[in-house]
Amino acid sequence: MAPGEDDARRGMTSWLSEFVRSDNAGGVFYGWRLVVVAALIVIVGREMGGALTNAAWASRAVDHVGIGPPWNAVVIAVAAIGWLLSLFIAGRGVDRLGPRRMAQVGLPLVGLAVLSAALPISGIVQVAFAGIAALALIGAYVPAITTLNNWFRERLGLALALMLFAVALSKAVVGGVLPVLLAVSSWWLVTAVFGAAIVVVAFLLARLVRNRPEDWGEHPDGLAPAPDGSFPNYSWREAMRSGRFWMLMAAGACVAAAASTANVYAYFAISPGGATLEAIDKFGTYKEYASTAGILVGGLASYRLPVRYVLFAASLAQAVGIGLLLAGFGPVLLETAVLLGVASGMATAPAIAAIGVYFGRRSFGAILVTSFFIEHIAASGLLPAVGYISSFDPVLAMHIPIFVVAAVGSIVGAGLYWRLGPPRLSPSQQGEHPAVS
């Protein structure tokens, strides 16, 4: 072994110990343990709950157990209303009660919703499916993200990326194991057993949640406390009146709408090109794997760079990928899939972290769910209009102007991210601290 190798190894070990160490309490910064706890909460409350309910729905459809008109329309309407209510409850709840209390209440209810899907009642699985979507947001996803936002500041993007990367890996594991269990046992037994297990595990995980580092003698990132008034701390009303919020939302809406449009209509751009059938078949798989890897890329990049620069780079990469699809470069189709996947995953954690970076902890939950609503409408609202336009005459290759608009939209989003500038204090903070950097 060369002397330099041993020195380099000690240097890396020293860097890692400094990275996870707490300057305030000594030992390992507890926030890194909360990254694991938050990942497990989302895995149990959203991924497992959703997968089990989907399996119950599919199994009951095979057994011809379900509901028909007009009750199916009623369930869809209730699910839509429930989703809107869940956004409000999740956002207001974590701000008023704290993420720990929300997880303690909402996470066990996910298990009860899964258990209800196993009951031999017509229509219950549809109700459980709608309930899971709402409860996973209230009791798992928003509390987990809010916890990390409270415990991290400079390293928020990296902490979120590590959590989301673990969740993405778990999705593949659950998707592989669940069919095996369903093949060797009845669906209702699997649903009942795992539903009960979620209830038990939910109580244990919720007890591990810590609302704020200050309650435990710590400070965000485990670093020495910053001077008062150094970081933004907006109320929901102040955020809604902020031009930065709407610029951030406009950028996210442009990028999200471009991504959803390209995803849905990608085949129309791929099929006329020179790509092989094997490459076309692998397109989605490569993109999915690259998106998972891109989550880590975005987290590591946001640790070194401001989140607006990471989002700018991801939006430009997406525009390049859409342009390559439109140009019909069949020989590099799989490389284009990787580029689009990395761009999609790269923006995931920084886009969430940007809410905390620019608006702080005061009303993070309410501001976060508002951004979810806006970007969801932008991502899904354009698709019906695009489908209506392309249905006039598919022979005229209407996908070309559609993809051009999508690429331009992604570039516009990149420009808006670039123009965000550094975070600023809220108006109430500026009144207390006039000197704002």
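Notes on the structure follow. Note that the structure is a prediction, hence the values are computed from the model and not measured.

1. Overview of the overall build of the chain
Part 1: Helix and strand counts for the chain stand at 16 helices and 0 strands.
Part 2: With 437 residues in all, the chain has 46% of them scored as buried.
Part 3: A separation threshold of at least 6 residues defines the contact pool for the chain, and within that pool the share at least 24 residues apart is 86%.
Part 4: By element, 69% of the accessible surface of the chain is carried by carbon and sulfur atoms, the whole surface being about 20,800 Å².

2. Thoughts on the packing of helix H9 (residues 243-264) against helix H12 (residues 307-327)
Helix-helix packing: each pair is described by the crossing angle between the helix axes and the interaxial distance.
Part 1: Two numbers describe how H9 lies on H12: the axes approach to 11 Å, and their chain directions differ by 30°. Regarding the angle of H9 to H12, the classification is roughly parallel. Judged by the twist between their axes, the crossing of H9 over H12 is left-handed. For the pair H9 and H12, the contacting residues are Val255, Ala258, Ala259 and Ala262 in the first and Ser315, Gln318 and Ile322 in the second.

3. A word on helix H4 (residues 99-116)
Part 1: The end-to-end C-alpha separation of H4 is 25 Å, in line with the 26 Å expected for 18 residues at 1.5 Å each.
Part 2: Those residues of H4 not exposed but buried are Pro99, Met102, Ala103, Gly106, Leu107, Pro108, Val110, Gly111, Ala113, Val114 and Ser116.

4. As for the nonpolar core
Part 1: One finds Leu148, Phe152, Met163 and Phe359 to be the most contacted residues of the largest nonpolar core, which totals 80 residues.
Part 2: Examining the composition of this core, we find that 14 residues originate from one element, helix H2 (residues 30-62), more than from any other.
Part 3: Those residues in contact with Phe359 that sit more than four places away from it in its chain are Pro232, Asn233, Tyr234, Ala239, Ser242, Arg244, Phe245, Leu248 and Ile367.
Part 4: Listed in part, the 17 residues of the second largest apolar core include Ile270, Leu325, Leu333 and Leu340.

5. Some thoughts on the packing of aromatic side chains
Part 1: Scanning the entire structure with this criterion turns up 12 aromatic pairs.
Part 2: Ring centres 5.2 Å apart and planes at 35° place the aromatic pair Tyr309 and Trp418 in the tilted group. Remark: Trp418 occurs in helix H15 (residues 399-418) and Tyr309 occurs in helix H12; sequence separation between them is 109 residues.
Part 3: Exposure remark for Trp418: the relative accessible area of 49% places this residue in the partly exposed category.
Part 4: A cation over a ring is seen here: Arg210 above Trp216, with NZ or CZ 4.3 Å from the ring centre.
Part 5: Above the face of the Tyr309 ring, Arg308 is positioned so that its terminal group lies 4.6 Å from the ring centre.

6. Comments concerning the environment of Ala269
Part 1: Positionally, Ala269 belongs in helix H10 (residues 266-270).
Part 2: C-alpha separation for the pair Ala269 and Ile322, spaced 53 residues apart in sequence, amounts to 9.4 Å.

7. Some details on H9
Part 1: Across its 22 residues, H9 extends 32 Å between first and last C-alpha, which sits within 8% of the 32 Å expected from 1.5 Å per residue.
Part 2: The backbone nitrogen of Arg244 has a side-chain oxygen 3.2 Å away, supplied by the residue at the start of H9, namely Ser242.

8. Section: the pattern of salt bridges
Part 1: Summed over all chains, the structure comprises 3 salt bridges.
Part 2: For Glu47, the salt bridge is made with Arg46, and the minimal N-O distance between the two is 3.0 Å.
Part 3: A salt bridge links Glu238 to Arg362; the nearest nitrogen and oxygen atoms lie 3.7 Å apart. With Glu238 in helix H8 (residues 236-240) and Arg362 in the loop between helix H13 (333-359) and helix H14 (364-390), this residue pair connects regions lying 124 residues apart in the sequence.
Part 4: Here Arg362 falls in the partly exposed class, since its relative accessible area comes to 43%.

9. What about the side chain of Ser371?
Part 1: Here Ser371 lies in helix H14.
Part 2: Its relative accessible area of 5% is what places Ser371 among the buried residues.
Part 3: When sequence neighbours within four positions are dropped, the list of residues in contact with Ser371 reads Met249 and Ile355.

10. Let's talk about a nonpolar patch on the surface
Part 1: A contiguous nonpolar patch, built from Ile81, Leu85, Phe88 and Ile89 and spanning about 420 Å² of accessible area, is present on the exposed surface.
Part 2: In this fold, Phe88 is placed in helix H3 (residues 71-96).
Part 3: Assessed through its relative accessible area of 54%, Phe88 is described here as exposed.

11. Description of the packing of H12 against H13
Part 1: Look at H12 against H13: their axes get within 8 Å of each other, and the N-to-C directions meet at 155°. On the basis of the axis angle, H12 is roughly antiparallel to H13. Along this stretch, H12 crosses H13, giving a crossing that reads as left-handed.
Part 2: Across the contact of H12 with H13, the residue classes break down as 21 nonpolar, 3 polar and 1 charged.

12. Quick notes on the environment of Ala159
Part 1: Within the secondary structure, Ala159 is located in helix H6 (residues 156-184).
Part 2: Beyond its immediate sequence surroundings of up to four residues, Ala159 is in contact with Trp32, Val35, Leu148 and Phe152.

Thresholds, definitions, all that
- Residues numbered from 1 in each chain as written.
- Predicted model: local features only at pLDDT ≥ 70, side-chain atom pairs only at ≥ 80, totals over all residues.
- Heavy atoms only, no water.
- Helix = DSSP H or I, 4+ residues; strand = E, 2+ residues; numbered from the N terminus.
- Buried < 20%, exposed > 50% of the residue type's maximum accessible area, 1.4 Å probe, protein only.
- Contact = heavy atoms within 4.5 Å.
- Areas by Shrake-Rupley, 256 points an atom, 1.4 Å probe, with all protein chains shown as cover.
- Axes fitted to C-alpha atoms, helices over the stretch in contact; angles between N-to-C directions.
- Parallel < 35°, antiparallel > 145°, perpendicular 65-115°, else oblique.
- Left-handed = near helix turned anticlockwise from the far one by under 90°.
- Expected span 1.5 Å × (residues − 1).
- Core = buried A, V, L, I, M, F, W, Y, C linked by side-chain atoms within 4.5 Å.
- Phe/Tyr/Trp six-rings, centres within 6.5 Å; stacked < 30°, edge-to-face > 60°.
- Lys NZ or Arg CZ within 6 Å of the ring centre and 35° of its normal.
- Polar contact = N/O pair within 3.5 Å; in protein donor to acceptor, adjacent residues only side chain to side chain.
- Salt bridge = Lys/Arg side-chain N within 4 Å of Asp/Glu carboxyl O.
- Patch = residues over 30% accessible without salt bridge, like charges linked within 9 Å, V, L, I, M, F, W, Y side chains within 5 Å.
- Nonpolar A, V, L, I, M, F, W, Y, C, P; charged D, E, K, R; others polar.

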